Amino acid sequence: MEIRSTRRALLRAAGGVSLGATALATGVAPASAVPSLPETDGALEPGPGTALVQRFCAAWSNLDAAELAAFFTEDATYQNIPLPGVITGRDAIQQALAEQIRILQYTTLNIQKAVSWRNTVIATRIDSYRYTNADHDVDLPIVGAFELTPDFRRFTSWVDYFDLAQSEFGTVV
């Protein structure tokens, strides 16, 4: 019953049963139902939040947890999926970042693509680093989701998604 109600609500929101039926049957909404986006010749226009994400990623090469924590609001959250738990608060985030940095010789966070919508930035990256006790670099593909304050000056939330096996064993460069 709940599924049907939700499906009906989605159909109504999408413009009625005919649009919903078409979309459900074909997996694609009619072109008239898709909002038009500005033409950018295939390139994504960076939004105002992408600059903060770029500065944050560049700052990682300094391996300074206090510098990185300064990018967050006092009540921000950080989650490193697939690791368990959500870290809440700038001080706790700084401690978590310090623990990560402690085991690194060096790191660079290389943004491959970024897209923003309002105060959210999604960025695909290749994080390259070497553990202090390792003899090879790790190049880890990551997708990061950043929520920013309305003035785009701080992060309120940061979630990274990655493959744990690649982070531990990586690829030999």
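Note that the coordinates shown come from a computational prediction; the quantities given were computed from them, not determined experimentally. Counting from 1, residues in each chain are numbered in the order their sequence is written. Given that this is a predicted model, residues contribute local features only at a pLDDT of at least 70 and side-chain atom pairs are listed and counted only at 80 or more, while totals for whole chains, interfaces and linings are drawn from all residues. Hydrogens and water are ignored here; the side-chain numbers use all heavy atoms of the structure.

Q: Looking at this model, I keep getting lost on the overall build of the protein chain. Mind explaining?
A: Secondary structure elements follow DSSP: runs of H or I of four or more residues count as helices, runs of E of two or more count as strands, with numbering from the N terminus. Within the protein chain, the regular secondary structure consists of 6 helices and 6 strands. For the protein chain, with 173 residues in total, the buried portion stands at 31%. Every residue pair with non-hydrogen atoms within 4.5 Å of one another is taken to be in contact. For the protein chain, long-range pairs separated by at least 24 residues make up 50% of all intrachain contacts whose partners lie at least 6 apart in sequence. For the accessible areas, the method is Shrake-Rupley and the probe is 1.4 Å, while residue cover comes only from the protein chains on display. Taken as a whole, the protein chain presents about 10,800 Å² of accessible surface, with 57% of it coming from carbon and sulfur. Burial here depends on accessible area, computed with a 1.4 Å probe over protein chains only, as a share of the maximum for the residue type. Under 20% is buried, over 50% is exposed, and the range in between is partly exposed.

Q: Can you walk me through the layout of surface pockets in this structure?
A: Take a probe with the size of a water molecule and roll it over the atoms, and the empty space left behind shows itself. For the largest pocket, the calculated volume is near 460 Å³. Contributing to the lining of the largest pocket are 23 residues, with Asn80, Gln100, Tyr129, Tyr131 and Phe162 lying nearest its centre. Secondary-structure elements contributing two or more residues to the lining of the largest pocket are strand 1 (72-81), helix 5 (90-102), strand 3 (104-117), strand 4 (120-131), strand 5 (138-148), strand 6 (155-161) and helix 6 (164-169). Here the nonpolar group is Ala, Val, Leu, Ile, Met, Phe, Trp, Tyr, Cys and Pro; Asp, Glu, Lys and Arg are the charged ones; every other residue, Gly included, is treated as polar. Taken together, the residues that form the lining of the largest pocket break down as 13 nonpolar, 4 polar and 6 charged. Put plainly, a pocket is an open set of points on a 1 Å grid over the protein atoms alone with protein on both sides within 12 Å along at least five of seven lines, a cavity is a set where a 1.4 Å probe fits but cannot get out, and a lining residue has an atom within 4 Å of a point. Grid points are joined across faces, edges and corners, and a volume is the space filled by probe spheres set on the points.

Q: Help me understand the pattern of salt bridges in this model?
A: Side chains that carry opposite charge are capable of pairing whenever their charged atoms lie near each other. Throughout this description, the term salt bridge denotes a Lys or Arg side-chain nitrogen within 4 Å of a carboxyl oxygen of Asp or Glu. With the rule as written, the count across this model stands at 5 salt bridges. For Arg153, the salt bridge goes to Asp151, with nearest N and O atoms at 3.8 Å. It is possible to trace a salt-bridge network through shared partners that takes in Arg125, Asp127 and Asp160.

Q: Sorry if this is basic, but what is going on with the pairing of strand 1 here?
A: Regular strands place side chains that alternate from one sheet face to the opposite one. By the bridge criterion, 6 bridges tie strand 1 to strand 6 in an arrangement that is parallel. Counted as the bridge partner of Gln79 is Val159 from strand 6. Here, a strand pair is defined by DSSP locating no fewer than two bridges between the strands. Bridging between strand 1 and strand 2 (residues 87-88) involves 2 bridges; their strand directions are antiparallel. Across the sheet, residue Tyr78 finds its bridge partner in strand 2, namely Ile87. In textbook terms, the turn of a hairpin is the stretch between consecutive antiparallel strands, and for strand 1 and strand 2 this stretch comprises 5 residues, one of which, Gly85, has a positive phi near 95 degrees.

Q: Mind showing me how you'd approach a nonpolar patch on the surface here?
A: Without a salt bridge and with relative accessible area above 30%, a residue can belong to a patch; like charges are then joined within 9 Å and nonpolar side chains (Val, Leu, Ile, Met, Phe, Trp, Tyr) within 5 Å. Taken together, the side chains of Val115, Ile122, Val143 and Tyr161 make up a nonpolar region of the molecular surface, amounting to roughly 290 Å² of accessible area. Locating Val115 in the fold gives a position in strand 3. In this structure Val115 comes out as partly exposed when scored by relative accessible area, which is 36%.

Q: Hey, could you run me through the sheet that holds strand 2 in this one?
A: Pairing within the open sheet is mixed, and its 6 strands lie in the order 2-1-6-5-4-3. Of all strands in the sheet, those bounded by a partner on one side alone are strand 2 and strand 3. Of the pairings in the sheet, the one linking strand 5 to strand 6 comprises 6 bridges and is antiparallel in character. Its bridge partner being in strand 6, Leu148 is matched across the sheet by Phe155. Helix 3 (residues 50-59) contacts strand 1, strand 3, strand 4, strand 5 and strand 6 of the sheet and is inclined by roughly 170 degrees relative to strand 3. Docked against the sheet, helix 5 engages strand 1, strand 2, strand 3 and strand 6, running at close to 45 degrees with respect to strand 1. Here an axis means a line fitted to C-alpha atoms, over the contact stretch when the element is a helix, while the angle between two N-to-C directions is reported on a 0 to 180 degree scale.

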